[in-house]
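Residue strings, one per chain:
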Amino acid sequence: MQSTLGKRNPLHSTSLGKALLAFRDDDEIRERLSKMEMKKLAPRTITDPDELFAQLMQARAQGYAEEIEESEAGVRCMAVPVLDHAGKSVAAISIAFPLIRFDETRKPEYVRLLTAAGRAASTALGYG
């Protein structure tokens, strides 16, 4: 897994980016998508804006975003937004796994831990 301190990754291919985007208003999301160059970075990178928008709506509904080999081959990530006092996503928290170490039966536990961390950070910023 590649993780370089300070490195920027595209919004369209990471769970962090999806968590940040999904919890903005629809008009802002559509505007940002219209300006993105959605390059294929890994085996399953989404390059279609409509497909990404649908995934963002799913992430918003479930409270977390996912990506499986969209940013890096062999890696799966999940992320939750951190919301400010106005309910706007200003940051995100993620967890990443090599695909071979992801335990699907533990996914609900991972989601619970992530959402608890996101809620705590959001509360510290005045949300809720």
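Data block above holds the structure.
A. Expanded view of the packing of helix α1 (residues 15-22) against helix α3 (residues 49-62). At a minimum axis separation of 9 Å, α1 and α3 run at an interaxial angle of 75°. With respect to each other, α1 and α3 are oriented roughly perpendicular. In contact with Lys-18, Leu-21 and Ala-22 of α1, α3 contributes Leu-52, Gln-55, Leu-56, Ala-59 and Arg-60. Of the residues that constitute the contact of α1 with α3, the class distribution is 5 nonpolar, 1 polar and 2 charged.

B. Spatial organisation of the side chain of Lys-107. Here Lys-107 shows up in helix α4 (residues 107-124). By relative accessible area, Lys-107 is classed as buried at 15%. Discounting chain neighbours no more than four positions away, the residues touching Lys-107 are Tyr-64, Glu-66, Arg-76, Met-78 and Phe-102.

C. Structural detail: the environment of Ala-61. Of note, Ala-61 is situated in helix α3. C-alpha separation for the pair Ala-61 and Ala-22, spaced 39 residues apart in sequence, amounts to 9.1 Å.

D. Fine view of the nonpolar core. Counting residues in each nonpolar core, the largest one holds 15 residues, and the members touching the most others are Ala-22, Ile-29, Leu-33, Leu-52 and Leu-56. For this core, the secondary-structure elements that each account for two or more residues are α1, α2 (26-35), α3 and β2 (75-83). Setting aside residues no more than four positions away along its own chain, Leu-52 makes contact with His-12, Lys-18, Leu-33, Met-38 and Ile-46. In terms of nonpolar packing, the next biggest core, distinct from the first, is built from 8 residues, Met-78, Val-80, Phe-102 and Leu-114 among them.

About the thresholds
- Residues numbered from 1 in each chain as written.
- Predicted model: local features only at pLDDT ≥ 70, side-chain atom pairs only at ≥ 80, totals over all residues.
- Heavy atoms only, no water.
- Axes fitted to C-alpha atoms, helices over the stretch in contact; angles between N-to-C directions.
- Helix = DSSP H or I, 4+ residues; strand = E, 2+ residues; numbered from the N terminus.
- Parallel < 35°, antiparallel > 145°, perpendicular 65-115°, else oblique.
- Contact = heavy atoms within 4.5 Å.
- Nonpolar A, V, L, I, M, F, W, Y, C, P; charged D, E, K, R; others polar.
- Buried < 20%, exposed > 50% of the residue type's maximum accessible area, 1.4 Å probe, protein only.
- Core = buried A, V, L, I, M, F, W, Y, C linked by side-chain atoms within 4.5 Å.

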